[in-house]
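These are the residues of each chain, in order.
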Amino acid sequence: LELPLRPARRGDDPGTSSGAWSAARVLVVEDSPVDQPLAAHQLDRLGHRHRSVATGAEAVAALANGGIDLVLMAWNLPDMDGLETTRQIRASEAGTDRPPVPIVAVTANAMSGDRERCLAAGMDDFLPKPVTLDALGAAIARWYDSGRRSGGPVDRAPEPATVPAVPGTGLPDELDVDRRAFAAFAADVGDVAITRTVGGTFLQELGIRHAAL
């Protein structure tokens with residue numbers, strides 16, 4: 001596939017015309033082998049510091065130690081879901097002098113009422129997957145440094161590049177790929193190697209789930 005890819009630039013933030021602003025310390029709460037490295041890559045491009053945990057219990061422990069400016073919270077986690085994790089974080093903040101840490105839901109649960117459930121649990125914002133670089137940058141701008149930055153998304157001109165073929169994954173021969181959607185994803189990622197790695201991992205996971213079904 002010939003795909004338009006943006007150049008990966010550290011500090012390339014779609015929420016502002018200037019990269020001269022301080023980096024946020026972001027905690028990524030995500031157990032997906034696809035979404036965790038993708039979030040890390042996006043945060044690298046936006047110039048933010050980050051660490052990842054895979055369970056709700058790890059997230060609660062990380063927040064208790066402080067030093068986190070913003071949380072990206074998945075809904076489906078292996079021990080307790082993101083809603084319960086958020087409730088425990090908010091309970092631990094109560095009665096302390098620590099300001100509540102902004103928590104942004106990042107989830108494929110995007111049915112009617114899901115956003116309201118996240119906000120009712122104590123989250124501050126809601127990003128449905130797949131999350132684009134623009135949407136992530138704008139959300140961080142809203143909750144981390146909204147006093148100095150507008151947080152509005154800005155369109156960028158894509159640059160052409162070629163993404164190598166993904167190795168076989170044991171999926172059925174009739175599997176079809178929405179090339180337009182994949183091209184848009186690759187353009188947003190902006191890095192050929194990351195696109196191939198994340199795409200390959202996704203197809204491997206899909207192959208396992210297809211076999212299970």
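Cut-offs applied
Residues numbered from 1 in each chain as written. Predicted model: local features only at pLDDT ≥ 70, side-chain atom pairs only at ≥ 80, totals over all residues. Heavy atoms only, no water. Axes fitted to C-alpha atoms, helices over the stretch in contact; angles between N-to-C directions. Helix = DSSP H or I, 4+ residues; strand = E, 2+ residues; numbered from the N terminus. Parallel < 35°, antiparallel > 145°, perpendicular 65-115°, else oblique. Contact = heavy atoms within 4.5 Å. Nonpolar A, V, L, I, M, F, W, Y, C, P; charged D, E, K, R; others polar. Expected span 1.5 Å × (residues − 1). Buried < 20%, exposed > 50% of the residue type's maximum accessible area, 1.4 Å probe, protein only. Arc of directions from axis to C-beta. Polar contact = N/O pair within 3.5 Å; in protein donor to acceptor, adjacent residues only side chain to side chain. Core = buried A, V, L, I, M, F, W, Y, C linked by side-chain atoms within 4.5 Å. Salt bridge = Lys/Arg side-chain N within 4 Å of Asp/Glu carboxyl O. Left-handed = near helix turned anticlockwise from the far one by under 90°.

Colleague: Help me understand the packing of helix α1 (residues 35-46) against helix α6 (residues 179-189) in this model?
Modeller: Helix packing for two helices is described by the angle between their axes and how far apart those axes are. At a closest axis distance of 10 Å, the pairing of α1 and α6 adopts a crossing angle of 50°. Taken together, the axes of α1 and α6 are oblique relative to one another. For the pair α1 and α6, the contacting residues are Leu38, His41, Gln42 and Arg45 in the first and Phe185, Asp188 and Val189 in the second. Its residues placed into classes, the contact of α1 with α6 shows three nonpolar, two polar and two charged.

Colleague: Could you clarify how one ought to interpret helix α3 (residues 82-93) in this entry?
Modeller: In an α-helix, one turn spans 3.6 residues, which is why side chains three or four residues apart end up on the same side. In a regular helix each residue adds 1.5 Å, so 12 residues correspond to 16 Å; α3 covers 16 Å between its end C-alpha atoms and thus fits that length. The complete set of buried residues in α3 reads Gly82, Leu83, Thr85, Thr86, Ile89, Arg90 and Glu93. Here the buried residues of α3 occupy an arc of 160° about the axis, which is enough to place them on one side. Packing partners of the buried residues in α3 comprise α2 (56-64), β4 (70-73), β5 (103-107) and α4 (114-120).

Colleague: I keep staring at the environment of Glu93 and nothing clicks. Help me out?
Modeller: Mapped onto the fold, Glu93 is located in helix α3. With 29 residues separating them along the chain, Glu93 and Ala64 place their C-alpha atoms 8.2 Å apart. Setting aside residues up to four positions removed in sequence, Glu93 forms contacts with Arg98, Pro99, Pro100 and Val101. Side-chain polar atoms of Glu93 contact the backbone nitrogen of Val101, separated by 3.0 Å.

Colleague: Any chance you could explain unusual backbone geometry here in plain terms?
Modeller: For residues besides glycine, phi is generally negative; the peptide bonds are generally trans as well. Cis geometry marks the peptide bond from Lys129 to Pro130, where omega comes out at -5°. Secondary-structure assignment places Pro130 in the loop between β6 (125-128) and α5 (133-144).

Colleague: Help me out: how do you make sense of the environment of Met80 in this one?
Modeller: Among the secondary structure elements, Met80 is positioned in the loop between β4 and α3. Overall, Met80 belongs to the buried group, its relative accessible area being 16%.

Colleague: What exactly am I supposed to notice about the nonpolar core here?
Modeller: As a rule of thumb, nonpolar side chains are buried together in soluble globular proteins. Formed by 23 residues in total, the largest nonpolar core has its most connected members in Leu27, Val29, Leu63, Val71, Met73, Cys118 and Met123. Of all elements in the fold, only β2 (25-29), α2, β4, α3 and β5 reach the threshold of two or more residues within this core. At four residues, α2 tops the list of elements feeding residues into this core. When neighbours within four sequence positions are excluded, Val71 is seen to be in contact with Leu27, Val29, Leu63, Val101, Pro102, Ile103 and Val104. One finds Leu46, Val104, Leu127 and Leu133 within the second-largest nonpolar core, a separate group that totals 16 residues.

Colleague: Got a minute to help me understand the pattern of salt bridges in this structure?
Modeller: Pairing is possible between side chains that carry opposite charge, provided their charged atoms lie close to one another. The full count for this structure, using the stated rule, is seven salt bridges. Of the charged contacts in the structure, one is a salt bridge between Asp35 and Lys129, with a shortest N-O distance of 2.9 Å. Taken together, the residues span a long stretch of sequence, with Asp35 in helix α1 and Lys129 in the loop between β6 and α5 at a distance of 94 residues. Classification of Lys129 as partly exposed rests on a relative accessible area of 24%. The residue Arg87 makes a salt bridge to Glu84 at a minimum N-O spacing of 3.4 Å. Of this pair, Arg87 and Glu84 are both found in helix α3, three residues apart, which corresponds to roughly one turn of the helix. On the basis of relative accessible area, Arg87 is assigned to the partly exposed category, the value being 40%. Assessed through its relative accessible area of 30%, Glu84 is described here as partly exposed. Via salt bridges that share partners, Glu30, Asp35 and Lys129 belong to a single interconnected network.

Colleague: Explain the packing of α1 against α5 here, please?
Modeller: The interhelical angle for the contact between α1 and α5, taken along N-to-C directions, is 65°, at an axis separation of 10 Å. Of the possible angle classes, the one that applies to α1 and α5 is roughly perpendicular. For the pair α1 and α5, the sense of crossing is right-handed. Contacts from Gln42, Leu43, Arg45 and Leu46 of α1 reach α5 at Leu133, Leu136, Gly137 and Ile140.

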